[in-house]
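# Architecture and fold: a report
Listed below are the residues making up each chain.
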Amino acid sequence: MNLNHVNLCSSDVPALTATLEQHFEYRIIQAGTVPDEAWAANPGSHFAMLTGGDGSNIVITEIRPTPDGRSAYPSGFHIGIMQPTAQAVIEKHEELTKAGYQPGPLSDGFEAVGATWTAFYCPVGDGLEIEVNHRTRSPVLDN
């Protein structure tokens, strides 16, 4: 069994799509407006389907902005994007900062589930965060 895709919701589908394209090497495979069909949820809303170089797929569907800027996601919800090295995580933090994002502090060298991690979280709108990380090999995770 394989995970087919993850659906993320955004009040600004083009902005989240652009972030994933420009900074995380995803590319659009389809984008547009949800058709007015019996099977379709939210006809007329925007969507985008993206694929990553690793074969992962993300679907982004439009939601209405939350009142008063509250989060559309529960506390702690995030997606994680693995980098090939700890240095790549540090460089991605710098890249996102220069691009005007406000990534959180970089955590370097913490241990969890048998690995040493370098990571940070970056808010990308609607309360969604992307965790950018690298980890060493782990006897727990790499069986």
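Just above sits the structure.
Below, the structure is looked at part by part. (Residues numbered from 1 in each chain as written. Predicted model: local features only at pLDDT ≥ 70, side-chain atom pairs only at ≥ 80, totals over all residues. Heavy atoms only, no water.)

### A closer look at the side chain of His 134
Selection criterion: Strands are runs of DSSP state E lasting at least 2 residues, helices are runs of H or I lasting at least 4, and numbering of each runs from the N terminus. Per-residue accessibility, obtained with a 1.4 Å probe over protein chains only, is compared with the maximum for each type, and a residue is labelled buried under 20%, exposed over 50%, and partly exposed between these values. What qualifies as a polar contact is a pair of N or O atoms within 3.5 Å, subject to a donor-acceptor requirement within protein and to the restriction that residues adjacent in sequence count only when both atoms come from side chains. Pairs of residues are marked as contacts when any of their non-hydrogen atoms sit within 4.5 Å.
Residue placement: His 134 occurs in strand E8 (residues 129–135). On the basis of relative accessible area, His 134 is assigned to the buried category, the value being 17%. Reaching out from His 134, the side chain makes a polar contact with the backbone oxygen of Gln 83 at a distance of 3.1 Å. In this structure His 134 touches Met 82, Gln 83, Pro 84, Thr 85, Ala 86, Val 89, Thr 116, Trp 117 and Thr 118, once residues within four positions along its chain are discounted.

### Overview of the state of the cysteines
Working definition: the covalent bond between the sulfur atoms of two cysteines is a disulfide. This is how it is decided: Here, two cysteine sulfur atoms that lie within 2.5 Å of each other are counted as a disulfide.
All chains considered together, the criterion is met by 0 disulfides. The thiol of Cys 122 is not disulfide-bonded; the next cysteine sulfur, from Cys 9, is found 19 Å away.

### Section: the pattern of salt bridges
Heads up, the condition is: Here, a salt bridge means any Lys or Arg side-chain nitrogen found within 4 Å of an Asp or Glu carboxyl oxygen.
On inspection of all chains with the given rule, the structure shows 3 salt bridges. A salt bridge links Glu 95 to Lys 92; the shortest N-O distance between them is 3.2 Å. Of this pair, Glu 95 and Lys 92 both sit in helix H2 (residues 86–98), separated by 3 residues, roughly a single helical turn. In this structure Glu 95 comes out as partly exposed when scored by relative accessible area, which is 30%. In this structure, Arg 135 engages Asp 142 in a salt bridge whose closest nitrogen and oxygen atoms are separated by 2.9 Å. Looking at Asp 142, the relative accessible area reads 24%, which means it is partly exposed. Sharing partners across several salt bridges, the network here consists of Arg 135, Arg 137 and Asp 142.

### Some remarks on the packing of aromatic side chains
Heads up, the rule is: In this analysis, rings of Phe, Tyr and Trp, with Trp reduced to its six-membered ring, are considered paired at centre separations within 6.5 Å, and the interplanar angle assigns stacked below 30 degrees, edge-to-face beyond 60, and tilted for intermediate values. Here, a charge over a ring is recorded when the distance from Lys NZ or Arg CZ to the ring centre is within 6 Å and its angle to the ring normal is within 35 degrees.
In this structure the tally under the stated criterion is 2 aromatic pairs. Considering the side-chain rings of Tyr 73 and Phe 77, the 4.9 Å spacing of their centres and the 15 degrees angle between planes classify their relative orientation as stacked. The side chain of Lys 92 reaches across the aromatic face of Phe 24, ending 5.4 Å from its centre.

### Concerning the layout of surface pockets
As a reminder of what qualifies: Both site types are read off a 1 Å grid over the protein atoms alone. A 1.4 Å probe that fits but cannot get out defines a cavity, while an open set with protein on both sides within 12 Å along at least five of seven lines defines a pocket; lining residues have an atom within 4 Å of a point. Grid points are joined across faces, edges and corners, and a volume is the space filled by probe spheres set on the points. Amino acids outside the nonpolar list (Ala, Val, Leu, Ile, Met, Phe, Trp, Tyr, Cys, Pro) and the charged list (Asp, Glu, Lys, Arg) are all regarded as polar, and Gly is one of them.
By volume, the largest pocket amounts to about 480 Å³. Around the largest pocket, the lining is made up of 23 residues, and of these Tyr 26, Asp 54, Ser 56, Gly 80 and Ile 81 lie nearest the centre. Looking at the lining of the largest pocket, the elements with two or more residues in it are strand E1 (6–10), helix H1 (13–24), strand E4 (57–62) and strand E5 (78–82). Its residues assigned to classes, the lining of the largest pocket shows 10 nonpolar, 10 polar and 3 charged. What the second largest pocket holds in volume is close to 150 Å³. As for the second largest pocket, its lining consists of Gln 30, Val 34, Pro 35, Trp 39, Ala 40, Ala 41, Phe 47, Met 49, Val 59 and Thr 61. Here the residues of the lining of the second largest pocket are counted per class, giving 8 nonpolar, 2 polar and no charged.

### Concerning the sheet that holds E5
Just so we agree on the cut-off: Note: two strands are recorded as paired if DSSP finds a minimum of 2 bridges between them. Angles run from 0 to 180 degrees between N-to-C directions of axes, and those axes are lines fitted to C-alpha atoms, restricted for helices to the stretch in contact.
Across the sheet, which stays open at both edges, the 4 strands sit in the order E5-E8-E7-E6 with mixed pairing between neighbours. Each of the sheet's edge strands pairs with one partner strand only, and the pair in question is E5 and strand E6 (107–112). Averaged over all pairs of adjacent strands, the angle between strand axes in this sheet comes to 35 degrees, irrespective of strand direction. Of the strand pairs in this sheet, strand E7 (residues 115–123) and E8 are connected by 7 bridges, and their pairing is antiparallel. Bridged to Cys 122 within E8 is Ile 130.

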